[in-house]
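A closer look at the structure
So you can see what is in the structure, the chains are spelled out below.
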Amino acid sequence: MRNYWKNLPKRQFWLANILFWLVLTCLAADNSYRQMLAYDRPADWVKIWTNYLPWWMLWAFVGPFVIAACKSISYREGKPTEFIVKNILSALLFLGIYWLLTIVLSWLIEYHASLDYVEKVVNQWRLSLLHIDVLVYLAIVCLGYTFSYYQQSRAQQLRSESLSKQLIQVELQSLKSQINPHFLFNTLNTVASLIRLDKKNDAVRALSELSLMLRKVLENQGNQMITLEQEKEFINSYLSIQKMRFEHKLETSVEFSSDCLHNEIPFMLLQPLVENAVQHGSQLETNKNLLSLKVCCEPGILHAHLVNKVPEKDEHKGFGIGLRNCRERLDKLYPNNYKLELKALEDGYFETSLSIPLGAADD
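A short tour of the structure in this document, coming up. For every chain, the first residue of its written sequence is number 1, and the numbers climb from 1 along that sequence. Local features in this predicted model are restricted to residues of pLDDT 70 or higher, and side-chain atom pairs are both shown and tallied only at a pLDDT of 80 or more, whereas totals for entire chains, interfaces and linings draw on every residue. Note that water and hydrogens are dropped before the side-chain values are worked out from all heavy atoms of the structure.

**Details of the packing of helix α3 (residues 45-56) against helix α4 (residues 58-72)**
Look at α3 against α4: their axes get within 6 Å of each other, and the N-to-C directions meet at 10°. Here α3 lies roughly parallel to α4, going by the angle between them. Only Leu 58, Trp 59 and Ala 60 of α4 make contact with α3, whose side of the interface consists of Leu 53, Pro 54, Trp 55 and Trp 56. Each residue is assigned to one of three groups, with Ala, Val, Leu, Ile, Met, Phe, Trp, Tyr, Cys and Pro labelled nonpolar, Asp, Glu, Lys and Arg labelled charged, and all others, Gly among them, labelled polar. Taken together, the residues of the contact of α3 with α4 break down into 7 nonpolar, no polar and no charged. The angle between two axes is taken between their N-to-C directions and runs from 0 to 180 degrees, where each axis is a line fitted to C-alpha atoms and a helix contributes only its stretch in contact. Runs of E in the DSSP output that reach at least two residues are strands. Runs of H or I that reach at least four are helices, and both are numbered from the N terminus. Angles are sorted into four bins: roughly parallel if under 35 degrees, roughly antiparallel if over 145, roughly perpendicular if 65 to 115, and oblique for all others. Working rule for contacts: check all heavy atoms of both residues, and any pair within 4.5 Å makes them a contact.

**Some points on the sheet that holds strand β7 (residues 349-357)**
Any two strands are treated as partners once DSSP identifies two or more bridges connecting them. The mixed open sheet is built from 5 strands, whose spatial order is β2-β4-β5-β7-β6. Taken across any chain shown, the strands that pair with only one partner, and hence form the sheet edges, are β2 (250-256) and β6 (339-344). Across the sheet, the mean angle from the axis of one strand to that of its neighbour is 10°, orientation sign disregarded. Note: β2 against strand β4 (residues 289-298), 7 bridges, orientation parallel. Paired with Ser 253 across the two strands is Ser 292, which belongs to β4. Packing of helix α9 (residues 271-282) onto the sheet brings it into contact with β2, β4, β5 (301-309) and β7, and relative to β5 it is tilted by some 10°.

**Observations regarding the environment of Glu 341**
With respect to the secondary-structure elements, Glu 341 resides in strand β6. For Glu 341, a relative accessible area of 43% corresponds to the partly exposed category. Taking the C-alpha atoms as reference points, Glu 341 and Leu 354, 13 residues apart in sequence, are found 6.5 Å from one another. Every residue in contact with Glu 341, bar those within four places of it in the chain, is listed here: Glu 351, Thr 352 and Ser 353. The buried label goes to any residue with under 20% of its type's maximum accessible area, the exposed label to any with over 50%, and the partly exposed label to all in between, with areas taken from a 1.4 Å probe on protein chains only.

**Comments concerning the packing of helix α7 (residues 200-219) against helix α8 (residues 228-245)**
For any two helices packed against each other, one specifies the crossing angle of their axes together with the interaxial distance. The contact between α7 and α8 brings their axes to 9 Å, and the two run at 155°. Here α7 lies roughly antiparallel to α8, going by the angle between them. As α7 packs across α8, the resulting crossing turns out to be left-handed. Facing Asp 202, Arg 205, Ala 206, Glu 209, Leu 210, Met 213, Lys 216 and Val 217 of α7, the residues of α8 in contact are Gln 230, Glu 233, Phe 234, Ser 237, Tyr 238, Ser 240, Ile 241 and Met 244. Of the residues assigned to the contact of α7 with α8, the class counts are 8 nonpolar, 3 polar and 5 charged. By convention the crossing between two helices is left-handed if the near helix lies anticlockwise of the far one by an angle smaller than a right angle, and right-handed if it lies clockwise.

And the structure:
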């Protein structure tokens, strides 16, 4: 019973329902009024409208209770008989109440009428209005089950969307967790190389930069998005460490437009691409191999361009886990709404272009 009262339509539905039946009553009364005039019969529009009130306006108050009953009587798999019996009993109950109230209200409207008037109303209902009432009731039942199944479908859709978002968050967290040990392993190798080369001061500076990076990772462990300024600081710390190791191998250039720094991007989205570029540049025999990163934005879109030199015989074919991880994260955060292009340039250089919408990630 408690669930039944919860299933009653909201106030807005009651108001719309009353208005609907009021308009229908006026139309029915006006139609009868015009027909009586067409046959030269005396007609009083207000009296006709008043006589229609019990037959039509009662549905405005009975209908919402019928809809609540439809929401309460749900079909259970393997029990069709129970569903049918409950609906039949519900129909008998509500139609009985409706007919009883109709007779009483009709008699009250004709307050000067005797009990013979009640018999007249019953005969009128039995001969001409019974089938109309049944059809109206069936229409309300259909409407009630339509509302019920729509709400169930909507609730199921919301649950599915919630589970899907939770799954995406788990997958994104997994992808992000793959990056952390990867860059940490490479950075620790750098520190170890500096120690072997007896560059202790550089090794201490590298450990200091690494501690800043690890602190940033821990602070944003549960966050998918950070500001572009924080990503810039993270990349600069990483490049500072790598330049200590590959002092003559790399020539870095990092430019971030100042008007973009407040925008948010996925945490460690650009860093793995920079990391792979460093690894490729370190394999070259030449010195001062350019690694250029430029980030700018236009209304609603952020652009990142990374240019680096790669060995002629590159076993990784340009990029390894960095690009694959980046693309998988982008697929989940910006489905079909980003651009990631790779292009070989002249003189052994390689360009990676990334464009993502600003403020449109699926959180």
